[in-house]
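Understanding the architecture of this molecule
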Amino acid sequence: MLYQKIVIAGGGIIGNSIAYYLAKEHQTKCTIIDCAGIAPAASGKAGGFLARDWSDSNLLGELQRHSFDLHAEIASDLGEDALDYRRLTCAMVAIDGVIREKPTGKKLQGVEWADLGVKGSQSMGGEDTIAQVHPKKLCDALFDYAQRTVGTELIRGRIVNAVMEDGSVAGVTLEDGSVVDA
């Protein structure tokens, strides 16, 4: 049975992903509660760097590949431009740490590591395995989709307690004393 009143605590990437997939896969409206809005903390400020195969040698490998593919699918569904999603290449650079004169080329102005004696570099992935997304724009797009398609709502507030009825959560109490049914 799919619940009809769903309250999500937190407007970050996890909360917005839940709202997005409930809207997309189950046409279910949610209420997201966050004291500061959509992606106000780490979910809106992270680097958004995605690597498909860097964990292939450990237990996270399958999950990381699935996450990489889901980001590509979301970018296709919601629009790459809306998320600033892009495929790119990545390299690691070895330096000797000796500070030299800063490079004069316009492309390297402000690049702190460019004057530290680069000793070599190695590719870490190409456009088939490396991507980047703007994390705040991703969260905004996920929320916008859920709001537009099924009416998902955002309430600014802080949850302080769960309202219990017969052993089940029936709602949440916010810091201001208001109750949101669940």
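Scroll up for the structure.
Presented here is an overview of the structure given in this document. Since we're looking at a predicted model, the values are computed, not measured.

Points about the nonpolar core
- Ranked by size, the top nonpolar core spans 26 residues in total, and within it I74, L78, L83 and Y85 carry the most contacts.
- Among the secondary structure elements, those contributing two or more residues to this core are strand 1 (6–9), helix 1 (13–26), strand 2 (30–34), helix 3 (61–78) and helix 5 (135–150).
- Those residues in contact with Y85 that sit more than four places away from it in its chain are L50, H71, A72, A75, E80, A131, Q132 and V133.

Quick notes on the pattern of salt bridges
- Applying the stated criterion across every chain, the model contains nine salt bridges.
- Across the pair D69 and R52 runs a salt bridge, and its minimum N-O distance is 2.9 Å. Of this pair, D69 sits in helix 3 while R52 sits in the loop between strand 3 (49–51) and helix 3, placing them 17 residues apart in sequence.
- By relative accessible area, which is 34% here, D69 ends up partly exposed.
- In this structure, the salt-bridge partner of D84 is K137, at a minimum N-O distance of 2.9 Å. Here D84, found in the loop between helix 4 (80–83) and strand 4 (86–87), pairs with K137, found in helix 5; they are 53 residues apart in sequence, far enough to count as distant.

Thresholds applied
- Residues numbered from 1 in each chain as written.
- Predicted model: local features only at pLDDT ≥ 70, side-chain atom pairs only at ≥ 80, totals over all residues.
- Heavy atoms only, no water.
- Core = buried A, V, L, I, M, F, W, Y, C linked by side-chain atoms within 4.5 Å.
- Buried < 20%, exposed > 50% of the residue type's maximum accessible area, 1.4 Å probe, protein only.
- Helix = DSSP H or I, 4+ residues; strand = E, 2+ residues; numbered from the N terminus.
- Contact = heavy atoms within 4.5 Å.
- Salt bridge = Lys/Arg side-chain N within 4 Å of Asp/Glu carboxyl O.

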